[in-house]
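Here are the chains, one letter per residue:
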Amino acid sequence: MTDIGVIGGAGYVGLVTSVAFAALGHKVTSMDLDISRIRMLKTGASAVYEEGLEPILGELLAQGRITFTHDQYQAVQDSDAVFIAVGTPSLADGRADMSAVIDVAENLRDQIHKYTVIVIKSTVPVGAINVISEILRQKLTEGEDFDVVSNPEFLREGSGLIDFFSPSRIIIGAASDRAFEVLRDIYKPLRKGKVVVDVPWIDSDREIPYVETDVTSAQLTKYAANAFLATRISFINEIAGLSEKVGGNIEDIVLGLGFDPRIGSSYLEPGIGFGGPCLDKDLRALITIAGENSYDPVMFQGVLQRNELQLREVMNKIVRALGSSLYGKRIALLGLAFKEGTNDVRHSLSIRLYRALRDQGASVAGHDFLAVQEAIEIEPDLEATSDPETAIKGADVVVVLNSEVSYSEIDWRSLVSGGISPYVIDTRGILDVDVLSASEITFYVQGSSL
Ligand code: UGA
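Residues numbered from 1 in each chain as written. Predicted model: local features only at pLDDT ≥ 70, side-chain atom pairs only at ≥ 80, totals over all residues. Heavy atoms only, no water.

Break down the packing of aromatic side chains for me, citing the residues and quoting the values.
Given two aromatic rings, one states the distance between the centres and the angle between the planes to describe the pair. Inspection of the entire model under this criterion finds eight aromatic pairs. For the ring pair Phe21 and Phe83, a centre distance of 4.8 Å and an interplane angle of 50 degrees mean the geometry is tilted. Of this pair, Phe21 sits in helix 1 (residues 12-23) while Phe83 sits in strand 4 (residues 81-84), and the two are 62 residues apart along the sequence. Each member of the pair, Phe21 as well as Phe83, carries the same accessibility label: buried. Plain terms: the ring middles of Phe21 and Tyr187 are 5.6 Å apart, the flat faces sit at 70 degrees to each other, and that makes the pair edge-to-face. With Phe21 in helix 1 and Tyr187 in helix 8 (residues 177-192), this pair connects stretches of sequence that are 166 residues apart. By relative accessible area, which is 0% here, Phe21 ends up buried. These aromatic residues form a ring-pair network of at least three members: Phe21, Phe83, Phe164, Phe165, Tyr187, Trp201 and Tyr210. (Phe/Tyr/Trp six-rings, centres within 6.5 Å; stacked < 30°, edge-to-face > 60°. Helix = DSSP H or I, 4+ residues; strand = E, 2+ residues; numbered from the N terminus. Buried < 20%, exposed > 50% of the residue type's maximum accessible area, 1.4 Å probe, protein only.)

If you want it as structure tokens, here you go:
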């Protein structure tokens, strides 16, 4: 068992990390400056939505395996390893905002009083780890009092626990054997499939790839992973646009591509583009890192450009469907969060679409199963509901923006028989076109010449 402190423990990454390490049998003290979130977590309630989290958290709290605090010292004082999982949002120039990480490091400098491994979970620019080490070195000796390690996370929001307990790989970047050893101990129970509470996703028969490397390579692996996922999405969006022009069917094209094991079929769902706090931010940070190192990132720039174009394409489709101006027209947006299965609206392209429609005089009704509250917080004038049919009622155009399966289960036939017949734009190709055709609904599926 290792004593672990987590800084930024109320955010998506920090919370999943805290809960998961406690479930592996470690003693976890999880700290966050957000006092109201910490107060909720002490009672077993989470402000961020993660599938399966609350029951596991409740059990861990009952067993006294996890403590929440807003005092950083409490999370550091007895810990053998301190995980930093605070946010690094994009600055206007594309660089990652390191101020929260630097604040944490400055506090740590005065709080560490025995050998402690500082583990960077936040995605920080290459070179930032040296900045953190320098701050700590002002008072402490590297290698003797502390080591700084990079352990990038590959957790998808909403399914973070699933990804933690069933990881495709674990990456550790460090400069000393002592630090590697601490991390090996921390991950040993996961690699052996051992947990202290009931976790449905653990598979003790599967060997989890474990890569030990230098700090820079570990960091770059994380950036490369997100850049690659973003590239696949922009790639398929570009193919989908072309498919439409020449009369193809993107669903069949993806099927055909996916059978090639060198290509596979994941992250090939066309749509309005990639949103959320990670893919776009990391790609922009990578472009900045390249620029700072006199390297021309032509491909990453193309991936971003295609992503920006997607929103405009959806907008054009709406205008074309209405035949004229958007003024006074009613548009329903199905899906407000940046994807299905999360309540996170950061960098949500649906919210950007809402703003563009509103600015052109349309009235917009938005639907989401999890993110109504969060959407209204950032857009107080948005009419948002958690009932899709309420959003659809009276709409001239309905736009399906994510892959939420419930949208395919809407009873479109009965909607039409009730006198409602909107133009449906399915950006994700998830609706049953036979049902739509039989209901005589006019519709458009992105990437297909239907
Ligand atoms: C992403 C990565 O998938 C995680 O591995 C990584 O750890 C995380 O970023 C991070 O850096 O913290 P996440 O941001 O939760 O996870 O979102 P994804 O599920 O990857 O989706 C990103 C966006 O791409 C969403 O807007 C989604 O709708 C879109 N997407 C995804 C598509 O348009 N098509 C697809 O085929 C897949």
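How would you summarise the environment of Arg352 if you had to cite specific residues and measurements?
Residue position: Arg352 is located in helix 13 (residues 349-359). With a relative accessible area of 33%, Arg352 lands in the partly exposed category. Taking the C-alpha atoms as reference points, Arg352 and Leu336, 16 residues apart in sequence, are found 9.7 Å from one another. Filtering out sequence-adjacent residues up to four positions away, Arg352 remains in contact with Glu308 and Leu311. (Contact = heavy atoms within 4.5 Å.)

I'd love a proper account of the packing of helix 9 (residues 215-246) against helix 10 (residues 250-258), names of residues and values included.
In contact at an axis separation of 10 Å, helix 9 and helix 10 are set at 135 degrees when each is read in the N-to-C sense. Judged by the angle between their axes, helix 9 and helix 10 are oblique. The hand of the helix 9/helix 10 crossing is right-handed. From helix 9, Phe235, Ile236, Ile239, Ala240 and Ser243 reach across to helix 10, where they touch Ile250, Ile253, Val254 and Leu257. Class assignment for the residues of the contact of helix 9 with helix 10 results in eight nonpolar, one polar and no charged. (Axes fitted to C-alpha atoms, helices over the stretch in contact; angles between N-to-C directions. Parallel < 35°, antiparallel > 145°, perpendicular 65-115°, else oblique. Left-handed = near helix turned anticlockwise from the far one by under 90°. Nonpolar A, V, L, I, M, F, W, Y, C, P; charged D, E, K, R; others polar.)

Can you lay out empty space enclosed by the protein for me, pointing to particular residues and giving the numbers?
Tallied over the full model, the rule gives four cavities of 30 Å³ or more. Space inside the largest cavity adds up to approximately 90 Å³. Around the largest cavity sit Asn237, Ala240, Gly241, Glu244, Gln310, Glu313, Val314, Lys317, Ile425, Thr427, Tyr444 and Gln446, which together line it. Looking at the lining of the largest cavity residue by residue, the classes come out as four nonpolar, five polar and three charged. Size it by volume and the second largest cavity reaches roughly 70 Å³. Ile120, Lys121, Ser122, Thr123, Val124, Ser150, Pro152, Gln219, Lys222 and Tyr223 are the residues that line the second largest cavity. Here the element with the most residues in the lining of the second largest cavity is helix 9; it accounts for three residues. (1 Å grid on protein atoms, 1.4 Å probe; cavity = no way out; pocket = protein on both sides within 12 Å on 5 of 7 lines; lining within 4 Å. Points joined across faces, edges and corners; volume = space filled by probe spheres on them.)

Explain the site of the ligand to me, and be specific about the residues and the numbers.
Contacts to the ligand come from 21 residues, most closely from Glu153, Glu157, Lys222, Asn226 and Tyr267. Tyr267 is positioned with one of its side-chain polar atoms (N or O) 2.6 Å from an oxygen atom of the ligand. Take Gly275: an N or O atom from its main chain is 2.9 Å from an oxygen atom of the ligand. Those elements that place two or more of their residues in the shell around the ligand are helix 9 and helix 11 (279-292). Partitioning the shell around the ligand into residue classes produces ten nonpolar, three polar and eight charged. (Near = heavy atom within 4 Å. Polar contact = N/O pair within 3.5 Å; in protein donor to acceptor, adjacent residues only side chain to side chain.)

I'd like a rundown of the nonpolar core, residues and numbers included.
Counting 47 residues, the largest nonpolar core has Phe164, Phe165 and Tyr187 as its most contacted members. Here this core gets eight residues from one element, more than from any other, and that element is helix 1. Not counting chain neighbours up to four residues away, the residues in contact with Phe165 comprise Ala20, Ala23, Leu24, Leu190, Val195, Val199, Trp201 and Ile202. Core analysis: the next-biggest nonpolar cluster, separate from the first, contains 27 residues, Leu326, Leu353, Ala375 and Ile425 among them. (Core = buried A, V, L, I, M, F, W, Y, C linked by side-chain atoms within 4.5 Å.)

Residue-level account of the pairing of strand 8 (residues 210-213), with values.
Note that strand 7 (residues 170-173) and strand 8 share four bridges and pair parallel. By the bridge assignment for strand 8, Ile172 is matched with Glu212. Between strand 7 and its parallel partner strand 8, the chain crosses via helix 8, and the hand of that crossover is right-handed. (Pairing = 2+ DSSP bridges. Right-handed = clockwise from strand over helix to strand, strands pointing away.)

Break down the packing of helix 1 against helix 3 (residues 53-62) for me, with residues and values.
At a minimum axis separation of 10 Å, helix 1 and helix 3 run at an interaxial angle of 50 degrees. Judged on the interaxial angle alone, helix 3 and helix 1 are oblique. Two packed elements cross with a definite hand, and for helix 1 against helix 3 that hand is left-handed. Here helix 1 contributes Leu15, Val16, Val19, Ala22 and Ala23 to the contact with helix 3, which in turn contributes Leu53, Ile56, Leu57 and Leu60. Class assignment of the residues belonging to the contact of helix 1 with helix 3 gives a composition of nine nonpolar, no polar and no charged.

Let's hear about the pattern of salt bridges: which residues, and what values?
Throughout the structure, instances matching the rule amount to 25 salt bridges. Note that Asp185 and Lys188 form a salt bridge whose closest N and O atoms lie 3.5 Å from each other. In this pair, Asp185 and Lys188 both sit in helix 8, three residues apart, roughly one turn of the helix. For Lys188, a relative accessible area of 41% gives the class partly exposed. Shared partners join several salt bridges into a network, and the residues in it are Asp280, Arg284, Glu308 and Arg352. (Salt bridge = Lys/Arg side-chain N within 4 Å of Asp/Glu carboxyl O.)

Run through the environment of Ala362, naming residues and quoting values.
Its location among the elements puts Ala362 in the loop between helix 13 and strand 10 (363-367). Look at Ala362 and you get buried, because its relative accessible area is 10%. Distance from Ala362 to Arg330, taken between C-alpha atoms, is 5.9 Å for residues 32 residues apart in sequence. Apart from the residues lying within four places of it in its own chain, the contact partners of Ala362 are Leu326, Gly328, Lys329, Ile331 and Leu357.

Geometric descriptors of this kind do not, in isolation, establish any biological role.
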